[in-house]
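Observations on the model geometry
Next come the chains, spelled out residue by residue.
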Amino acid sequence: MPKLVYDFTEGNKDLKDLLGGKGANLAEMTNLGLPVPPGFTITSEACRAYMDDGSVPAEEIGTHLEKLEAAMGKKLGDPDDPLLVSVRSGAKFSMPGMMETVLNIGLNDRSVQGLVRQAGDERFAWDSYRRLIQMFGKTVMDIDGDLFEQAIDELKDGRTDLDLTAADFRSLVGTYKEIVRREKGRDFPEDPKEQMELAIKAVFDSWNAPRAILYRRQERIPSDLGTAVNVVAMVFGNLGMDSGTGVAFTRDPATGHQGVYGDYLQNAQGEDVVAGIRNTVPLQDLQEIDPHSYAELMEIMAKLEGHYRDLCDIEFTIERGKLWMLQTRVGKRTAGAAFCIATQLVEEGLIDLDEAVRRVTGDQLAQLMFPRFADDHGNTVLTRGMNASPGAAVGRAVFSSARAAELAAQGQDVILVRRETTPDDLAGMIAARGVLTSRGGKTSHAAVVARGMGKTCVCGAEEIEVDAKAGRFTVGDVVVEEGDVISIDGGTGCVYLGEVPVVASPVVEYFEGNPSGDELVRAVDTIMRHADGRRRLDVRANADTPDDAARARRFGASGIGLCRTEHMFLGDRRVLIEDLILAETAEERQAALDALEPLQKADFAGLFAAMNGLPVTIRLIDPPLHEFLPDIIDLSVKVATGKGTKKDRRLLEAVQRLHEQNPMLGLRGVRLGLVVPGLFAMQVRAIAEAAKAAEGARPEIMIPLVGAVQELESVREEARQILAEVGVEALIGTMIEVPRAALTAGQIAEAAEFFSFGTNDLTQMTWGFSRDDVESAFFGTYLDKGIFGVSPFESLDRDGVGRLMKVAVVEGRKARPGLKLGICGEHGGDPASVRFCHEIGLDYVSCSPFRVPVARLEAGRAALL
Ligand SMILES: Nc1ncnc2c1ncn2[C@@H]1O[C@H](COP(=O)(O)OP(=O)(O)OP(=O)(O)O)[C@@H](O)[C@H]1O
Ligand SMILES: [Mg+2]
């Protein structure tokens, strides 16, 4: 039989799997000699057994309870001198939706009298009793907590809790018991052991509460971990003004600065501090109130920091001048504080730089790179919604997608305001600086799509009434008309009237080469340098223009991993593509290609110059040609109304001929290269000529959408000839973005000098859904139902897409040792995906220039984990 119950003296902080976070840390503090009330932890293994067969390790619990009773010199619920305990849930990960805590277990109509005598305080005893019925009723018996709240509010009748007398609490106990009887058809259980057992079972059961299940599915927490339960001897903060309860941080969670940060509430118990029943006082005031306990607390906090080597948060209670520690854990902090604290701890000699790098995340760095509203801007908040997608956006309110696109085209900044968005709003969302909706949560269409685009979004601002027809929204009696300027903060969910000044991120300024001297920037610098020294992965950028390439270099990219060539066919070059498509003879086609070649050459020359000898991977044209043709509806109307020219009529024919049901799976990528003579050859020649002219250029030619080695062989042959003719060397490789390519990677590697995983397409084709269609259509539902916790387009799907990648890595390298491997899908800038790329042994990741620092940091962390 495994041991299912641990005394606090038997555990330690590394046993979180078994004892949960709370139990493990209570044990750690106990063994550090800190004043923790005695108690024991029922393990998560016991929870798993309970879920299997409903068993509770009653005997072991009984033995530990006896030990606890002996230590305290009291018996649970004893009528003369009762021991009281709390029953507290505590899983490895804290989880919303799970039962929390029941205090004062062991009280009943008889033992409350014993407590009155022992404490010499009638009011305290009855207050404790009514708290038990309230918490037990709500969390164990599942009674609506508002019923108890209403009853106490009625009794208070405007008084504070401090004004309530012993008689008041006594009558409240009666009222509460009636509520229990009425709601549950049974009496509140008076037997202390039964109270304890029911509470333990309720904690176990809450592991499978619907909200907890959903949360686990979304966060990918295994559903079979189970939760531990802590049984702790009660100490009382509600024994008068020399008692109280508080919370504290060992340093400021917003800045990391050392000091005294916390709140204290006299004559109160447990959750009163956070519940806000009375105003708390700053922790500093405790120095006046109870200098002895204050000094001890400061000493303990210093000890905890030294021991955990990190910022800790704590819960404590003072019972008649005696300090008790009730909880500690490594505390949450803001992104900026995470960087500052990590480097402060290095300076204080508590951790080394490797550890500092482990302690900050790419997501935190990404947060620090968004522009923010100035700190003391003074604008008042008009209303609030949910912080769905970060950033700070200012613009004129518009109420339709069309209007957004129209004003944006005139160079105006706009914020698209809608009740909720639908796929029809896409164009407007792209055009807008930010999106504001009055309905829908963090998985609504607006939220999902905005996050995907990296666009600022506040959603579900429920006070807003949107009247799109009239072109206005109202909040109470404030009216905002189309064209009025508003500001939205995607980090806090705040909406402001008028223009709030936006400040650039000092961290971006630092990457741009303009470091300010502030602490945060110094911390980021220290951490980035160290991460760069540790990482094995190279970080490249996806960049199509010399400007992007230059930024990528400033941000630390060591090459371009993906240059898309299709934008080079847009704008006034469209005509040339139209000529190519409409060409009827080989001569006409060649003439069109000849006109394009010098333009392409100039584009590549700019990139090579910007990258100055670093490798540049150029992908030959990928999208279907009809994407470059005018819209079919516009053309049809023009031709049908007789306004079209002869060319329009021919274009319409071409559009109709080239129309595809599933363009994503149609004539594109290498297929175009094989079907349209001369197209790839023109691009390769342009690359070769540009490379020849630029000193030290390192071109890498990448063929998209290959599914079979034969496709690659055929275009490679032609490319090699051209390179030889021009007298330039270049690697020739392929994207791996069709599942068949991954599965036949051994063959493909025979013809490819490098692979670059195109995980956007690979994800689409592996799942069989197209990103543009599904993100707006049903991803919200999928996220709500927990089918995935995060979109597979944001973070690599390790099990499916990742498996294909692994196959390709192993078989590709087997066929060609030294095969260069990278990734150029958007996943290349996603922290979890970067770690995966490190694990499977890629050589580099490539991502958008702004994500380059995030990828550098995560690549460093991956090497240290
Ligand atoms: N034995 C006890 N004596 C006095 N107060 C207690 C005791 N056990 C718990 N408390 C207090 O009751 C409150 C709630 O307890 P607990 O820490 O278990 O849950 P929580 O703080 O609501 O959630 P979390 O799991 O996030 O910590 C806390 O303020 C805690 O300090
Ligand atoms: Mg707590």
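Residues numbered from 1 in each chain as written. Chains lettered and ligands numbered in written order. Predicted model: local features only at pLDDT ≥ 70, side-chain atom pairs only at ≥ 80, totals over all residues. Heavy atoms only, no water.

**Quick notes on the overall build of the protein**
Each helix and strand in the protein was counted, giving 36 helices and 33 strands. If one aligns the C-alpha atoms of the protein with their principal axes, the spans along those axes are about 105 × 65 × 55 Å. Looking at the protein residue by residue over its 865 residues, the buried ones come to 55%. A separation threshold of at least 6 residues defines the contact pool for the protein, and within that pool the share at least 24 residues apart is 68%. (Helix = DSSP H or I, 4+ residues; strand = E, 2+ residues; numbered from the N terminus. Buried < 20%, exposed > 50% of the residue type's maximum accessible area, 1.4 Å probe, protein only. Contact = heavy atoms within 4.5 Å.)

**Some details on the domain arrangement of the protein**
Domains assigned within the protein are domain 1 (244-330), domain 2 (370-503) and domain 3 (535-624 + 660-864). Each partner contributes residues to the interface: domain 2 has eight residues there, and domain 3 has eight residues. Both sides of the domain 2 and domain 3 interface together cover about 630 Å² of buried area, and 58% of this is carbon and sulfur. Sorting the residues of domain 2 by area buried against domain 3 places Thr443, Val448 and Gly452 first, and these three jointly supply 62% of that buried surface. One can count zero salt bridges joining domain 2 with domain 3. The tally of links between domain 2 and domain 3 comes to zero residue pairs in polar contact (both at pLDDT 80 or more). Looking at the side of domain 2 that touches domain 3, the element that brings in the most residues is helix H18 (residues 445-453), giving five residues. Residue classes in the side of domain 2 that touches domain 3 are distributed as four nonpolar, three polar and one charged. (Domains from an automatic or database assignment. Buried area = accessible area lost by both parts, 1.4 Å probe. Salt bridge = Lys/Arg side-chain N within 4 Å of Asp/Glu carboxyl O. Polar contact = N/O pair within 3.5 Å; in protein donor to acceptor, adjacent residues only side chain to side chain. Nonpolar A, V, L, I, M, F, W, Y, C, P; charged D, E, K, R; others polar.)

**What about the coordination of the magnesium ion (ligand 2)?**
Distances from the magnesium ion (ligand 2) to its protein donors, Glu315 (OE), Glu315 (OE) and Gln327 (OE1), fall within 2.1 to 2.7 Å. For Glu315, a relative accessible area of 29% puts it in the partly exposed group. (Donors = N, O, S within 2.8 Å, 3.2 Å for Na, K, Ca; no water.)

**A few points about the environment of Thr437**
The residue Thr437 is located in strand S18 (residues 434-437) in this model. Relative accessible area serves as the criterion here: at 1%, Thr437 is assigned to the buried category. Separated by 360 residues in the primary sequence, Thr437 and Gly77 place their C-alpha atoms 54 Å from one another. Here Thr437 is in contact with Arg418, Arg419, Glu420, Thr421, Ala446, Val458, Cys459, Gly460 and Ala461, once residues within four sequence places are set aside.

**Description of the UniProt feature "binding site: Mg(2+)" (unreviewed entry) in the protein**
UniProt records the feature "binding site: Mg(2+)" (unreviewed entry) at Glu737 and Asp761, using the numbering of this structure. A maximum C-alpha distance of 5.5 Å places the annotated residues, which cover 25 residues in sequence, within one compact spot. Excluding residues that lie within four positions of it along the chain, Glu737 makes contacts with Pro704, Leu705, Gly758, Asp761, Leu762 and Met765. A distance of 2.6 Å separates the side chain of Glu737 from the backbone nitrogen of Leu705, its partner in a polar contact. Structurally, Asp761 can be placed in helix H31 (residues 759-767). A relative accessible area of 10% means that Asp761 is categorised as buried. (UniProt positions renumbered as here; feature names shortened; annotations may be inferred.)

**Quick word on the pattern of salt bridges**
What the rule picks out here adds up to 55 salt bridges. Arg251 serves as the salt-bridge partner of Glu348, at 3.0 Å between the closest nitrogen and oxygen. Separated by 97 residues along the polypeptide, Glu348 in the loop between helix H13 (335-347) and helix H14 (353-358) and Arg251 in strand S8 (residues 244-251) bring together distant segments of the chain. Owing to a relative accessible area of 37%, Glu348 belongs among the partly exposed residues under this scheme. Accessibility expressed as a relative area gives 0% for Arg251, which makes it buried. The residue Arg798 makes a salt bridge to Glu839 at a minimum N-O spacing of 3.1 Å. Linking Arg798 in the loop between helix H33 (779-784) and helix H34 (801-815) with Glu839 in helix H35 (residues 831-839), this pair joins segments that are 41 residues apart in sequence. For Arg798, a relative accessible area of 33% translates into the label partly exposed. For Glu839, a relative accessible area of 53% puts it in the exposed group. Connected through shared salt-bridge partners, Asp310, Arg333, Glu355, Arg358 and Arg359 make up one network.

**Some words on the sheet that holds strand S22 (residues 478-481)**
An order of S20-S21-S22 is seen for the three strands of this open sheet, with the pairing classed as antiparallel. Two strands bound the open sheet, and with one partner strand each, they are strand S20 (464-467) and S22. With direction set aside, neighbouring strand axes in the sheet form an average angle of 20 degrees. The pairing of S20 with strand S21 (residues 472-475) spans four bridges and is classified as antiparallel. Bridge pairing in S21 links Val466 to Phe473. (Pairing = 2+ DSSP bridges. Axes fitted to C-alpha atoms, helices over the stretch in contact; angles between N-to-C directions.)

**Observations concerning the nonpolar core**
By size, the foremost hydrophobic cluster in this structure holds 130 residues, and its most contacted members are Phe339, Leu365, Phe608, Met805 and Leu842. Broken down by element, the residue count for this core peaks at 10 residues, all from helix H27 (residues 679-693). Excluding anything up to four places from it in sequence, Met805 contacts Phe757, Thr759, Leu762, Leu796, Ile823, Phe836, Ile840 and Leu842. (Core = buried A, V, L, I, M, F, W, Y, C linked by side-chain atoms within 4.5 Å.)

**What about a nonpolar patch on the surface?**
A surface patch of nonpolar side chains, about 260 Å² in accessible area, is lined by Ile632, Ile633 and Val637. One can find Val637 in helix H24 (residues 632-640). By relative accessible area, Val637 is classed as partly exposed at 47%. (Patch = residues over 30% accessible without salt bridge, like charges linked within 9 Å, V, L, I, M, F, W, Y side chains within 5 Å. Areas by Shrake-Rupley, 256 points an atom, 1.4 Å probe, with all protein chains shown as cover.)

**Some remarks on unusual backbone geometry**
Positive phi outside glycine occurs at Arg320, with the angle close to 45 degrees. Residue position: Arg320 is located in the loop between strand S11 (312-319) and strand S12 (322-330). Among the residues examined, Arg320 registers a relative accessible area of 40% and is labelled partly exposed. Although it is not a glycine, Leu705 sits at a positive phi angle of roughly 65 degrees. Note on placement: Leu705 falls in the loop between strand S29 (698-703) and helix H28 (709-726). Overall, the relative accessible area of 1% leaves Leu705 in the buried class.

**What about the site of ligand 1?**
Around ligand 1 sit 15 residues, and of these Lys22, Arg88, Thr101, Glu271 and Gln327 come closest. Arg329 places a side-chain nitrogen or oxygen 3.3 Å from an oxygen atom of ligand 1. Taking 600 Å² as the accessible area of ligand 1 by itself, protein coverage stands at 88%. Among the elements of the structure, strand S5 (85-90), strand S6 (101-105), strand S7 (228-233) and S12 are those that each provide at least two residues to the shell around ligand 1. With three residues, S12 is the single largest residue contributor to the shell around ligand 1. (Near = heavy atom within 4 Å.)

**A look at the environment of Ala531**
The topology assignment puts Ala531 in helix H20 (residues 519-534). Looking at Ala531, the relative accessible area reads 0%, which means it is buried. Spatially, the C-alpha atoms of Ala531 and Gly428 are 39 Å apart, while their sequence positions differ by 103 residues. In contact with Ala531, not counting residues within four places along its chain, are Val357, Arg856, Leu857 and Gly860.

**Notes on the UniProt feature "domain: PEP-utilising enzyme C-terminal" (unreviewed entry) in the protein**
Residues annotated in UniProt with the feature "domain: PEP-utilising enzyme C-terminal" (unreviewed entry) correspond here to residues 524-860. Taken end to end, residues 524-860 has its terminal C-alpha atoms 13 Å apart, with 54% of it in helix and 12% in strand.

**Some remarks on the packing of aromatic side chains**
Applying the stated rule across the entire model yields 23 aromatic pairs. Centroid distance Phe569 to Phe628: 5.9 Å. Interplanar angle 85 degrees. Geometry classified as edge-to-face. In this pair, Phe569 is assigned in the loop between strand S27 (560-564) and helix H22 (574-582) and Phe628 in the loop between strand S28 (615-619) and H24, connecting sequence segments 59 residues apart. Aromatic ring contacts, followed pair by pair, group Trp767, Phe769, Phe778, Phe779, Tyr782, Phe788 and Phe793 into a single cluster. A cation over a ring is seen here: Lys3 above Tyr6, with NZ or CZ 4.9 Å from the ring centre. (Phe/Tyr/Trp six-rings, centres within 6.5 Å; stacked < 30°, edge-to-face > 60°. Lys NZ or Arg CZ within 6 Å of the ring centre and 35° of its normal.)

**Quick word on the sheet that holds S5**
Neighbouring strands of a sheet are bound in pairs by backbone hydrogen bonds; such pairs are parallel or else antiparallel. An order of S1-S2-S7-S5-S6 is seen for the five strands of this open sheet, with the pairing classed as antiparallel. Edge positions in the sheet fall to strand S1 (5-7) and S6, since each has one partner strand and no second. Sheet twist, expressed as the mean angle between neighbouring strand axes with direction ignored, is 20 degrees. In the sheet, strand S2 (residues 39-42) pairs with S7 via four bridges, with the strands oriented antiparallel. In the sheet register, Gly39 faces S7, and the bridge partner there is Val232.

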